[in-house]
Amino acid sequence: MIQSVSFIGLGAMGYRMAAHLPKHFDSVYVWNRNFARAEQHAAEYDTQAVALQQAVQADIIFSCLPTSKEVEALIAPLNIKPGAIWVDCTSGVPESARQLAQSLKGKQVDFLDAPVSGQTIGAENATLTVMVGGDSEAFQRALPAMQAFGKLIKHVGESGAGFAVKAVNNMLMAVNLCAVAEGFSTLKAHGVSLHAALDCINASSGKSAVTESVFPQRVLNRQFPLTFALPLLAKDTGIAQDLVREAKLSAPVIGLTHSLIQAANALEAENSDFSTAIKMYESWSKITLE
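In what follows, the accompanying structure is described. What you see is a predicted model, and the numbers here were worked out from it, not measured in a lab.

**Some remarks on unusual backbone geometry**
The bulk of non-glycine residues show a negative phi, and the bulk of peptide bonds are trans. Here the phi dihedral of Lys248 falls at roughly 55°; this positive angle occurs in a residue that is not glycine. Within the secondary structure, Lys248 is located in the loop between α11 (230–246) and α12 (252–267). Its relative accessible area of 76% is what places Lys248 among the exposed residues. Of note in this structure, Lys286 is not a glycine but carries a positive phi near 65°. Tracing the chain through its elements places Lys286 in the segment after α13 (278–285).

**Structural notes on the pattern of salt bridges**
Counting across every chain of the model gives 9 salt bridges. One salt bridge connects Arg218 with Asp273, and the closest N-O pair in it is separated by 2.9 Å. Here Asp273 lies in the loop between α12 and α13 and Arg218 lies in helix α10 (residues 209–219), a separation of 55 residues in the sequence. The same class applies to Arg218 and to Asp273, which are both buried.

**Some words on the side chain of Ser4**
Looking at where Ser4 falls in the secondary structure, it is placed in strand β1 (residues 4–8). Judged by its relative accessible area of 8%, Ser4 is buried. Other than its neighbours up to four places away in sequence, Ser4 contacts Ser27, Tyr29, Gln57, Ala58, Asp59 and Ile60.

**A few points about the pairing of strand β8 (residues 128–133)**
Within β8, 5 of the 6 residues are buried, which leaves it mostly tucked inside the rest of the structure. Inspection of the sheet shows strand β7 (residues 116–117) paired to β8 by 2 bridges, in the antiparallel sense. Of the residues in β8, the one forming a bridge with Val116 is Val130. Relative to strand β9 (residues 150–157), β8 is paired through 6 bridges, and the arrangement is parallel. Its bridge partner being in β9, Met131 is matched across the sheet by Lys154. Between β8 and its parallel partner β9, the chain crosses via helix α7 (residues 136–146), and the hand of that crossover is right-handed.

Calculation notes
Residues numbered from 1 in each chain as written. Predicted model: local features only at pLDDT ≥ 70, side-chain atom pairs only at ≥ 80, totals over all residues. Heavy atoms only, no water. Helix = DSSP H or I, 4+ residues; strand = E, 2+ residues; numbered from the N terminus. Buried < 20%, exposed > 50% of the residue type's maximum accessible area, 1.4 Å probe, protein only. Salt bridge = Lys/Arg side-chain N within 4 Å of Asp/Glu carboxyl O. Contact = heavy atoms within 4.5 Å. Pairing = 2+ DSSP bridges. Right-handed = clockwise from strand over helix to strand, strands pointing away.

Structure, rendered in structure tokens:
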């Protein structure tokens, strides 16, 4: 039975995800490198801002950090409560998950890689998709805590499987983003109304999450709100590319898309939204997609 839960890493996603935990658990601890952020969360959502060492004495420990390297560095010096389950919601590296699961097992701690999808609106509404890798028994024990912010929660395999699914998911989104940039640039070059074309495509076989939400809500209106940073997408496409290499597969679309996202990331301001990758195509074609 879960008596206490903690959340480490209160960024754009983590801040919103942690906000749902006090609705289900009496003791919810939060910690953030910028501790003022944790104190703000405590004041706003009735969580408890605590020192990191106290946070890792909870039954379920969530983390949501930019990369696996930061998770590894955070965990290394800690004395985590035996019997705890560490649930890492970072979009991380599968091999890192496997290593952490193995090392923490020796300390009687289970590690689950549990990245999420659904962007900040999903975190706000507790409708995130959670793809989980790791021990199936630990998954069942941690499930009630994940249900606080997740709508679809799936155990997808052994350690590293959750991170692998997330990387491929984000790669597929990147493929769609690049394809939409090229397709709609072509349509505008031929004098087609982009809004009318979008309505047709979203009622046809070419629709995707990019055409249904990203393109109309970020690009056509020129808003580009920051919810998922382009450098993080570049990181995730890199993880997907590494998975291809490790499997010794031929995946030319994945390789090309990774190169394109890397190039777009190099051109944009630091921490621009992922949708700004389309601006690279606009610079090439001299066509603004609006």
